[in-house]
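# Geometric and topological summary
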Amino acid sequence: TFLATFGRDLNAVEALKRKQDAMKRDMTAVQQKIQEHEKRAKLLAQKYPDNAVNIEEKLEELKRQWNNLQEASVKRAEALENGYTAHKFTADVKELELWTNDIMKKMDSVSNPTTIAECQAQIQLHRERKAEIDGRDKIFKALQEHGERLVADNKAMGVKNDYVEKALRQLEDLNKHLHDSWKGKDRFLKEAYQLQQFKEQADQIEAWLANKEAFLNNDDLGESFTAVEALIKKHEAFEKLLAASRTDELEKFAEEILAESPFEADVIKQRLCSVIARKDKLLASSAARKQKLQESLQLQQFLRGLYEVAKWISQKMQVALDENYREPSNLQSKIQKHVAFDAELGANSTRVTAIIEEGESLINAEHYASALVQEQLDILEADWQKLREASREKRECLAEAYEARLFERNLDDFNNWMDEVEGQLSSEDYGKDLASVNNLLKKHEMLEADVAHHLETCEQIKAADDKFLASDHFMKDELHESAMMTIKRYHSLHEPTTIRRDNLEDSLQLHQFLRDAEDELLWLNEKEPLAASKDLGSSLTAVQSLQKKHQALEAEILSQEPTISALIQRGQQMT
């Protein structure tokens, strides 16, 4: 409550003090003004003696209030000074708290050391921090004494300042917590140093064990009797080295550390057990390898035969997987070669069977490498089956390729025929006369018959394409595309065929009209002189004869008129 009255924090108190100082300066000016009032009051009292008493009373009231203001100002200045001192104390405690938190944060933020060098570096750094903490102890002590004086002064003045008392208690807790944290970290680093020393020794022993394990991890069990004997001699020398391990020294050092009950006791125990177990495992592995070496020769004999067969299968697989059937040239020769290839596979099947039986014999005898033998047999049998399957697929693909080649030839022939048909249909020759038009019509009828006859070929192409799709022919997409284009092209012949027939029939009609018109014109030219003759006869007999001829001409004209009329109508329809 005290601190809240005179500022919530140090900055607020300082601001209030500045205001108080400003007010003091203002009061100096006011004091001068009051002195002027006193002088003026004396003059007024002398000038107006009747009002002298009233003037004197007013002046006394002014002096009384001025004295009260001065007393209040002094009290407030003292109170602000006390508030400033209290806030300064709490601010100093806060500053020291921030430093304490920072130093503890630095101690806590350091990652756990994982090597001896890191332990030594952190121990050195921790000692330096101890020197820094010891240097701050004087500040802690001085500030604590200052706080105790403040509390005592407040009690003497009857002032209750919870903030100062709380800060004083916090200061004592900070100092104790700081030293406790440093001691705890110091113990942790010492134990970490011992742990890393233990781990280093354990790492050295495990590295030694790992080196020996690497020797045992050698998969080389010999490729012949001589090689196996040499490996057995090396193994006997290796067994003598195993007796020189330093695990006993590690156990003794672990007991010394565990006697002080460190935090990482479980880690040390587990690591020690791990090292001992690893050594025991190494001894067991050494005995197992020695047994494996005794059985190595039998395995090597099997593997040598198996690898030879596997290599032969691999070579033949390259032949079987060769997609030379996609190249249509020399298909007959390729088919014949593949027949010989199938015969070779059949001849070597007994060789594969013998290797499989040998491997199964090793498995039945519970050979140490039974899993490896079974794995190799599985691979061999799978590869053998893949080879036979690949050979079968290639045989089928060669047959399909041959079938596709024949189909493509049929398509080529059919397209060549359509080239000729399209060439004839695109001809602009529609005949020069009636005879040539009739000849062209006969040829076109033969062409139409030929196109209709090739419908069966088109249907055969469609059936063959459906067969390729149904059998999943390896060239089904290419063949289907070609077949569809060919079939579409065939059906597209209908329209130009019809158009050419219509054009030829129109040409026939034209030439027929022209010939009929020419015949009629000849007839007209022949009869016109008779009709236009001016010979009226020179005698009765002559006149009678001319009348008969004219009657005959009129009859002939009358009979010819329907023909001419029909011809004119045909001509009008053609226009």
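About the cut-offs
Residues numbered from 1 in each chain as written. Predicted model: local features only at pLDDT ≥ 70, side-chain atom pairs only at ≥ 80, totals over all residues. Heavy atoms only, no water. UniProt positions renumbered as here; feature names shortened; annotations may be inferred. Axes fitted to C-alpha atoms, helices over the stretch in contact; angles between N-to-C directions. Helix = DSSP H or I, 4+ residues; strand = E, 2+ residues; numbered from the N terminus. Parallel < 35°, antiparallel > 145°, perpendicular 65-115°, else oblique. Left-handed = near helix turned anticlockwise from the far one by under 90°. Nonpolar A, V, L, I, M, F, W, Y, C, P; charged D, E, K, R; others polar. Expected span 1.5 Å × (residues − 1). Buried < 20%, exposed > 50% of the residue type's maximum accessible area, 1.4 Å probe, protein only. Arc of directions from axis to C-beta. Polar contact = N/O pair within 3.5 Å; in protein donor to acceptor, adjacent residues only side chain to side chain. Contact = heavy atoms within 4.5 Å. Core = buried A, V, L, I, M, F, W, Y, C linked by side-chain atoms within 4.5 Å. Salt bridge = Lys/Arg side-chain N within 4 Å of Asp/Glu carboxyl O.

For the chain, the name recorded in an unreviewed UniProt entry is Putative beta-spectrin, with Aedes albopictus as its organism. Quoted straight from UniProt, the Subcellular location (unreviewed entry) entry for the chain says "Cytoplasm, Cytoskeleton". Under the UniProt heading Sequence similarities (unreviewed entry), the entry covering the chain gives this text: "Belongs to the spectrin family."

### Examining the packing of helix H8 (residues 265–320) against helix H10 (residues 370–425)
For the pair H8 and H10, the least separation of the axes is 10 Å and the interaxial angle reads 20 degrees. For the element pair H8 / H10, the angle class is roughly parallel. Relative to H10, H8 is oriented so that their crossing is left-handed. The residue inventory of the contact of H8 with H10, partitioned by class, reads 19 nonpolar, two polar and four charged.

### Remarks on helix H6 (residues 225–242)
The α-helix winds at 3.6 residues per turn, so residues separated by three or four positions along the chain end up facing the same way. Taking 1.5 Å per residue as the helical rise, H6 with its 18 residues ought to reach 26 Å, and the 26 Å between its terminal C-alpha atoms agrees with that figure. When we look at burial in H6, the residues that qualify are Val228, Leu231, Ile232, His235, Phe238 and Leu242. The buried residues of H6 occupy an angular sector of 120 degrees when the element is viewed end-on, so they sit on one face. The exposed residues of H6 that point more than 90 degrees off its buried face are Thr226, Glu229, Lys233, Lys234 and Lys240.

### Remarks on the side chain of Lys316
Counting through the fold element by element, Lys316 comes out in helix H8. Here Glu344 takes part through its side chain, which lies 2.9 Å from a polar atom of the side chain of Lys316. Apart from the residues within four sequence positions on either side, Lys316 is in contact with Phe341, Glu344, Leu345 and Leu387.

### Brief notes about helix H12 (residues 455–470)
Its 16 residues give H12 an end-to-end C-alpha distance of 23 Å, which sits within 8% of 22 Å, the value for a rise of 1.5 Å per residue. Along H12, the positions that sit buried rather than exposed are Cys458, Ile461, Asp465 and Phe468. Considered in projection along H12, the buried side chains sweep an arc of 80 degrees and stay on one side of the axis. Packed against the buried residues of H12 are H10 and helix H13 (476–491). Once H12 ends, the next one or two residues include Asp472, with phi positive near 55 degrees.

### Describing the nonpolar core
Core analysis: the largest hydrophobic core is formed by 24 residues, its most contacted members being Phe407, Phe414, Trp417, Val421, Ile461, Tyr490 and Leu493. Of all the elements in the fold, those that place two or more residues in this core are H10, helix H11 (434–453), H12 and H13. Looking at this core element by element, the count peaks at 11 residues for H10. Among all residues touching Trp417, those that are not within four sequence positions of it are Asp450, Val451, His454, Tyr490 and Leu493.

### Structural notes on the pattern of salt bridges
Enumeration over the complete set of coordinates arrives at 18 salt bridges. The shortest N-O distance in the salt bridge between Glu239 and Lys290 comes to 4.0 Å. In this pair, Glu239 is assigned in helix H6 and Lys290 in helix H8, connecting sequence segments 51 residues apart. The exposure class assigned to Lys290 is partly exposed, which follows from its relative accessible area of 33%. Through salt bridges with shared partners, one network takes in Asp203, Glu206, Glu213, Arg271 and Arg278.

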